[in-house]
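Breakdown of the fold
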Amino acid sequence: MSGSHVLLVRLAGPLQSWGLAGRFARRDTHSRPTKSGVIGLCAAALGLAREEPLGELAQVLFGVRADRPGTPLRDYHTVGGGRYPLRPRDLLLDHQRAAKAVLASDAEGSQPGPFGRGELEAWYGSPKYVTADPISGALVSKEVRRHALITERWYIADAAFLVGLEHPDAAFLERIAHALEHPKRLLWLGRKACPPSGDLALGVVSGTLKDAFETHALLPEAPGDEGGQSAPVTGVRPWAWIESPRPIPGVGPLSDQPVQFGPDGGVHSLRWEKRHRITIASHARGWDIIL
């Protein structure tokens, strides 16, 4: 099959988060959807296992147009610290924690409440860190957290992006489009706390990514704008980032080209993209979609 085709995908919702280098203490978000995140979204919709090769999915050219860039939102978290109530399973599965509870009750001259409802001052055992004791085999806390953990998570609020996936095989893109509207797994916009809203797959069109972005109107902003354009195209020139199949001189690469996903983290390589100001054509197509 000759020529190029583009699958247009709408990514909109109350919150989005597209991490590039996030860790537990600080989980960042890119200013726009990443290729790794969008390919992961498509892989989940198709029902691919995490260890399964991505095949043609990894070969598509990726582009994103920021119709509504959204607002950065910081979510401040504290975990643990202070007085932590012990649960029955804490005493049954963690002999170290049970011993501390007994010592605390003896020091205070009181007995633990029913079902082990004692409390330890400024003590917290993180439930995520569990391992087997090398001697008894009992499940115990691998790390003891005595002070509150402070974390921050970043999101993009009230954003809407038009994503394009370019590939020469239109039938392949149609399969992805069908899967996005009939997913085999749950979908989210970068993080599980960020479900998408409304239609995702907006159809497959002929041409390149830049052609598709220039010939389609901005995504509508409210339900009352369905079937029309969210803003006049005159003077509206949104930014778009379009992937290049080869390195671009003077442009730094992004490390979000997915090679393989896995339960312990994915494998990524480098890719290049160029930023464009998109002039939307006067004859641009409107939308008839569910928001």
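Residues numbered from 1 in each chain as written. Predicted model: local features only at pLDDT ≥ 70, side-chain atom pairs only at ≥ 80, totals over all residues. Heavy atoms only, no water.

The subject of this paragraph is the pattern of salt bridges. The final tally for this structure, using the stated rule, is eight salt bridges. One continuous salt-bridge network, built from bridges that share partners, spans R32, D256, R271 and E273. (Salt bridge = Lys/Arg side-chain N within 4 Å of Asp/Glu carboxyl O.)

Turning our eyes to something else, we now look at the packing of aromatic side chains. Within this structure, the stated rule accounts for zero aromatic pairs. In this structure, R191 packs its charged tip against the face of Y155, placed 5.0 Å from the ring centre. The ring centre of W239 lies 3.7 Å from the NZ or CZ of R275, which sits over that ring. (Phe/Tyr/Trp six-rings, centres within 6.5 Å; stacked < 30°, edge-to-face > 60°. Lys NZ or Arg CZ within 6 Å of the ring centre and 35° of its normal.)

This paragraph deals with the environment of E214. Mapped onto the secondary structure, E214 falls in helix α5 (residues 209–214). In this structure E214 comes out as partly exposed when scored by relative accessible area, which is 22%. Taking C-alpha positions, E214 is 9.7 Å from H283, a pair spaced 69 residues apart along the chain. Dropping the residues within four chain positions of it, E214 is found in contact with I278, T279, I280, A281 and A284. In this structure the side chain of E214 is engaged in a polar contact, spanning 2.6 Å, whose partner is the side chain of K210. (Helix = DSSP H or I, 4+ residues; strand = E, 2+ residues; numbered from the N terminus. Buried < 20%, exposed > 50% of the residue type's maximum accessible area, 1.4 Å probe, protein only. Contact = heavy atoms within 4.5 Å. Polar contact = N/O pair within 3.5 Å; in protein donor to acceptor, adjacent residues only side chain to side chain.)

Turning our eyes to something else, we now look at the nonpolar core. Buried together is how nonpolar side chains tend to be arranged in soluble globular proteins. Formed by 38 residues in total, the largest nonpolar core has its most connected members in L57, L165 and L180. Of all elements in the fold, only β1 (5–16), α1 (35–46), β3 (61–68), β11 (149–167) and α4 (170–181) reach the threshold of two or more residues within this core. For this core, the leading source of residues is α1, giving seven residues. When sequence neighbours within four positions are dropped, the list of residues in contact with L165 reads H5, V6, L7, V38, C42, V60, L61, F62, L173 and L209. Among the nonpolar cores identified, the runner-up in size contains 20 residues, and V6, L162, L209 and I280 belong to it. (Core = buried A, V, L, I, M, F, W, Y, C linked by side-chain atoms within 4.5 Å.)

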